[in-house]
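Inside the fold
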Amino acid sequence: MATGDLEAGQLLCESMVNPVGIDMLAPRFSWQLKSERRGGLQAAYRIMVADSEENLLRCTDLCWDSGKVQSDESVFCTYEGEPLTSRKRYYWRVKVWDQTEAESDWSTVAYWEMGLLQREDWKALWIEPKQEPVAEDPILSLREALQCDNPTDTSVLHPCPYLRKTFSASSAVRKARLYATAHGVYVFEINGQKAGNQELAPEFTSYDRYLQYQTYDVTDLVKNGENAIGAILADGWYAGRIGLAGNSCQYGDKLGLLFQLELEYEDRTQEIIVSDQQVKCSTGHLIYSDIFIGEKVDARLIKDGWTLPDYDDSAWDPVSAAHFDMSGLVAHYGEPVRVVETLPAVRVITTPKGETVIDFGQVIAGRVSMRVEGPAGTEITLEHSEVLDEHGNFLNNIKGRHKDQKDIYILRGGEPETFEPLFTFHGFRYVKVSGYPGVVLPERFTAAVLSSDMRYTGSFECSDARINRLQMNIMWSQKTNMLSIPMDCPQRERAGWTGDIQVFAPTSAFNMDVLAFLTRWLRNLALEQLPNGEVPNGVPYHKSFIHIDHTLMGKDSSAGWGDAVIIVPWALYEAYGDVKVLEEFYEPMVKWIDYVRRTAENEMPDNFDQMDDVQKERQKYLWNTGYHFGDWLMPSASSPQDSAIKTKEPVATSFYAYSAALLSKIADVLGKHSDAEYYSDLNRRIRKAFSEQYLQYDGTLSAHFQGAYVLALQFDLVPEEARGKVAEQLARLIEENGCRLDTGFVSVPFLLDVLCKYGKRDLAYKLLFQTECPSWLYEVERGATTIWEAWDAIKPDGTVSSMSFNHYAFGCVGDWLYREVAGLRKEQAGYKKIRIQPDVECGLSHASAKYESRYGTIVSGWSKQGRRITVTAIIPPNTTGTVILPNAMHENVKESEMPLNEALGILSYRQTNSGVSVHLGSGSYRFTYDLA
Ligand code: RAM
């Protein structure tokens, strides 16, 4: 019998709410306990699964009944019922008991639906429309590609193929599912209506090994009688011009389509409509569409009603069947790309040069929607950019081949019309409009923001508006760079650089639920790992990427980039407590460390022969050969390459040590204790070699730059007794630099933590509040709305550089804001044990963070008024927390007006030298006290 207020809610299956079309054979369930009482813990649960809602509610013919399981686990509980079948929808619910044996009601019913699990489920044929093969671009060296400033010759681009097929449904349809994928990107319509609301399917993956198909519930689109299904294809990432060098045909030069529409009639009989040679093809109003260059539409060529059954397609061409290995076909995993927000135009500017430019007030990734009325044949051009130049003129600051970001619309004439490109996106805030008939009014333009549609899970807010803007900028950079893959930037490269996400992963997991999104990307990474263990610098690792790496660096991986194979799964485990993510990528991690170990052991630096035996011996623990990106974009370096060359040696060995240490921890989590010992011993040897090689007696490192000190301290590379001196050196370097940072990509995530850990908290805050370049607030004060690639992307004298204005890497400070400033931390992976430790003396008058953990909402907030401190803490049910009240005396602390020893939910408390530490169960608490 259900008692009390206990409830189980927020049901997730494989991190998603009611996913349709997954292919995990043992999906995992999570739920949240809801309880008004303080100190609620789950003591047991019971899950039931059935293949119909009726059976589930009647508890008959169940696919799985877990029975009452004595367990406090409410996340990642694995399905253990009868084997799951293709296409079936499964319904599930859960009930819980708490530690007082109170029993909840059954939760509301949730579901998931399986996709096509077997190769034989696919009856469809790959088809290819009549088309010119996509023109292959000449391979240029990186320098040539970047210097290439000519606008793209769009005459080589081809019209988008349209494909259609008619079919009849012999009676009323009770269920219709469309399974589809493409070589290229696609959109489907059935009877004139778009299938689903996702964009740019099948999205960007390592296509030759991992191609997703999407599942659409199209029950409402299919009607009894005659129907038509149609698709438009475009080059997308598959054949379009992508990456730094802007090459086409990375995976193929022909577009193709695979689809299967499955109907189930009211009488349960079934029918399947597939892609085959009965499909017909043509072209239409999309003159070309390239994912980078842009899209051109001639609305005069719109084929009205082309996906209606009675459309006359007699002049359309046949398609041809094609054969491709289907072994890489997988169900789409994680949230799809969608239009997640629509922004109004803020203003229309006439620039000093006389250009008409729309300002959307925010740098985004996405596209413009334009309303217009005018004579047929009028050609409107929309050009996109993130910045204006120092005079306020439009500036396409991104250099290189195919970096046009230009859409063209030719009016049909007559009625008001709307244009929004289908198969391209741009990184922009400003849009230059040319050829618009009449006045360019802001209300005629909106910007659609494209992003992988993940749940927002975190927010941070404090008493300094500039820091709040910084947090917003981090969010925006995440939103607009997590678009199918974790990209470096949405304009120049849009590449899955492993280093960038490695540094940003912890912050990203505060802001959004990135578990499925990053797990999918890691699956691609594991598939792209080279046989020798190297983890490529970017994933997907397409031909042009490989070419650049080989010609530029002579290999495929770099320290701090390849280490993503260990660091990203670890960040996911930490944030979500997901052990499976460690299990799944354990082998690739081992292979990577093994590659690094072999490289360190076998490749010796040039001066090896001049070394004595002791020095020679230690070289095998130092990763000191080959090209690495080092502490990429260190501000004081004269160029990116200069920062790589100057910093690569200590960075590489530091990451070797760090990854070995993490792998040792991971092995322990997985119960592989002898592996754990092996990696911890390896880590010990690397650390010893590091300090013997690079550390001087006075605490200086031979690589005397901030990032080297940060890494050495963060990764414990110097002996304990030397750490104080090393920290002094770091502090000195920062002070000598005018209290400004000089850290690059891979050290900046740890900079402020290291300073706090070594008693330099004041200096950490000086860096945070610094407004001179380089600093986070310099960008904010210069009007940044996203995080810049380089701290001085706009120089103090106003010069606008050709760097990207939307790179999330330096936004990694977000993680520190949540943890240190607001004090929202974890004591156990996945926040089963929480720590609230606010920094009430950081110079702000209040700060607070909210995080939707898998267990529920966590809040850590504080305010300071004179000597009066208020700390708010929300600890979700089924977790416990420790709240640290800095500089408090326990007898002065009140919790919701009650003395500590009388307050409900408090398990214990302890007076320490630095304050009071309160151990508590779930609930919402408000502590007040005066600073001692
Ligand atoms: C740049 C990318 C990325 C970085 C690499 C090394 O071109 O934008 O941020 O990881 O180089």
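Residues numbered from 1 in each chain as written. Predicted model: local features only at pLDDT ≥ 70, side-chain atom pairs only at ≥ 80, totals over all residues. Heavy atoms only, no water.

**Some remarks on the overall build of the protein**
A tally of regular secondary structure across the protein gives 19 helices and 48 strands. Taken against the 2.2 N^0.38 rule, which gives 30 Å for 932 residues, the C-alpha radius of gyration of the protein at 29 Å falls within 12% of a compact globule. Dimensions of the protein, computed from the C-alpha atoms along their principal axes, are close to 85 × 70 × 60 Å. A burial count over the protein gives 63% of its 932 residues as buried. Taken as two groups, the 93 positive and 128 negative side-chain charges of the protein have centres that lie 2 Å from each other. (Helix = DSSP H or I, 4+ residues; strand = E, 2+ residues; numbered from the N terminus. Rg over C-alpha atoms; globule rule 2.2 N^0.38 Å. Buried < 20%, exposed > 50% of the residue type's maximum accessible area, 1.4 Å probe, protein only. Lys, Arg positive; Asp, Glu negative; His and termini not counted. Charge placed at Lys NZ, Arg CZ, Asp CG, Glu CD.)

**Digging into unusual backbone geometry**
Alanine 201 connects to proline 202 through a cis peptide bond whose omega is 5°. Position of proline 202 among the secondary structure elements: in the loop between β14 (193-194) and β15 (211-217). Cis rather than trans, the peptide bond between valine 539 and proline 540 has omega equal to -5°. Within the secondary structure layout, proline 540 lies in the loop between α6 (515-528) and α7 (543-553). Positive phi values are uncommon outside glycine, yet serine 15 reaches one of about 70°. Relative to the helices and strands, serine 15 is located in the loop between β1 (7-13) and β2 (20-22). Unlike most non-glycine residues, leucine 633 shows phi in positive territory, near 60°. Tracing the backbone shows leucine 633 in the loop between α11 (613-619) and α12 (640-669). A relative accessible area of 10% means that leucine 633 is categorised as buried.

**Let's talk about the sheet that holds strand β46 (residues 906-912)**
In space, the five strands of this open sheet follow the order β38-β39-β43-β47-β46, with mixed pairing throughout. Taken across any chain shown, the strands that pair with only one partner, and hence form the sheet edges, are β38 (824-826) and β46. On average, each strand axis in the sheet is tilted by 20° relative to the strand beside it, whichever way the strands run. (Pairing = 2+ DSSP bridges. Axes fitted to C-alpha atoms, helices over the stretch in contact; angles between N-to-C directions.)

**Topic: the packing of helix α17 (residues 761-769) against helix α19 (residues 813-822)**
At their nearest, the axes of α17 and α19 sit 13 Å apart, and the two run at 135° to each other. Considered as vectors, α17 and α19 are oriented oblique to each other. When you trace α17 past α19, the crossing you get is left-handed. Between α17 and α19, the contacting residues are Arg761, Ala764, Tyr765 and Leu768 on the first element and Trp816, Leu817, Glu820 and Val821 on the second. In terms of residue class, the contact of α17 with α19 is built from six nonpolar, no polar and two charged. (Parallel < 35°, antiparallel > 145°, perpendicular 65-115°, else oblique. Left-handed = near helix turned anticlockwise from the far one by under 90°. Contact = heavy atoms within 4.5 Å. Nonpolar A, V, L, I, M, F, W, Y, C, P; charged D, E, K, R; others polar.)

**Thoughts on the site of the ligand**
Contacts to the ligand come from Asp488, Arg492, Glu493, Trp497, Asp500, Trp561, Phe629, Trp632, Phe745, Glu789 and His807. In this structure, an oxygen atom belonging to the ligand sits 2.7 Å away from a side-chain N or O atom of aspartate 488. Contact between the ligand and arginine 492: an oxygen atom at 2.9 Å from a side-chain N or O atom of the residue. Expressed as a share of its isolated accessible area of 290 Å², the protein-covered part of the ligand is 95%. Of the residues that constitute the shell around the ligand, the class distribution is five nonpolar, one polar and five charged. (Near = heavy atom within 4 Å. Polar contact = N/O pair within 3.5 Å; in protein donor to acceptor, adjacent residues only side chain to side chain. Areas by Shrake-Rupley, 256 points an atom, 1.4 Å probe, with all protein chains shown as cover.)

**Considerations on α6**
Taking 1.5 Å as the rise per residue, α6 with 14 residues should run 20 Å; its terminal C-alpha atoms sit 20 Å apart, in good agreement. The element α6 is largely enclosed, with a buried count of twelve among its 14 residues. Leu515, Ala516, Phe517, Leu518, Thr519, Arg520, Trp521, Leu522, Arg523, Asn524, Leu525 and Glu528 are the residues of α6 that are buried. (Expected span 1.5 Å × (residues − 1).)

**Concerning the domain arrangement of the protein**
Structurally, the protein comprises domain 1 (6-114), domain 2 (122-334), domain 3 (339-452), domain 4 (458-821) and domain 5 (829-930). Its C-alpha centre places domain 1 at a distance of 47 Å from the equivalent point of domain 3. (Domains from an automatic or database assignment.)

**Points about the sheet that holds strand β42 (residues 868-875)**
Each strand in a sheet pairs with its neighbour through backbone hydrogen bonds, running either in the same direction (parallel) or in the opposite one (antiparallel). Spatial strand order, β35-β40-β41-β42-β48-β44-β45: seven strands in an open sheet with antiparallel pairing. With one partner strand each, in any of the chains shown, β35 (458-462) and β45 (898-899) form the two edges of the open sheet. Taken together, the seven bridges between strand β41 (residues 856-865) and β42 define a ladder with antiparallel strand orientation. Looking at β42, one finds that valine 859 is bridged to isoleucine 874.

**Focus: the pairing of strand β4 (residues 42-50)**
Taking burial as the measure, the nine residues of β4 include seven buried ones, the bulk of the element. As defined by bridge partners, β4 adjoins strand β6 (residues 69-70) across two bridges and the pair is classed as antiparallel. Across the sheet, residue tyrosine 45 finds its bridge partner in β6, namely valine 69. Relative to strand β5 (residues 62-65), β4 is paired through three bridges, and the arrangement is antiparallel. Bridge pairing links methionine 48 to aspartate 65 in β5.

**Some words on helix α10 (residues 586-602)**
The end-to-end C-alpha separation of α10 is 24 Å, in line with the 24 Å expected for 17 residues at 1.5 Å each. Considered for burial, the residues of α10 that qualify are Tyr586, Pro588, Met589, Trp592, Ile593, Tyr595, Val596, Arg597, Thr599 and Ala600. In the core, the buried residues of α10 are packed alongside α6, α8 (564-576), α9 (579-584), α11, α12 and α13 (673-694).

**Description of the packing of aromatic side chains**
Enumeration over the complete set of coordinates arrives at 56 aromatic pairs. On the basis of an interplanar angle of 20° and a centroid distance of 6.3 Å, the ring pair of tryptophan 306 and tryptophan 316 is categorised as stacked. Taken together, the positions of tryptophan 306 in the loop between β21 (294-298) and β22 (317-318) and tryptophan 316 in the loop between β21 and β22 put the pair ten residues apart, joining distant regions of the chain. Here tryptophan 306 falls in the buried class, since its relative accessible area comes to 7%. Ring plane angle 80° and centroid distance 5.3 Å describe the contact between tryptophan 788 and phenylalanine 805, whose orientation is recorded as edge-to-face. You can see tryptophan 788 sitting in the loop between α18 (776-781) and α19 and its partner phenylalanine 805 sitting in the loop between α18 and α19, a full 17 residues away along the chain. No difference in accessibility class separates tryptophan 788 from phenylalanine 805, as the two residues are buried. Three or more aromatic residues joined by ring pairs form one cluster here, namely Trp497, Tyr541, Phe545, Trp561, Tyr627, Phe629, Trp632, Phe745, Trp776, Trp791 and Phe810. (Phe/Tyr/Trp six-rings, centres within 6.5 Å; stacked < 30°, edge-to-face > 60°.)

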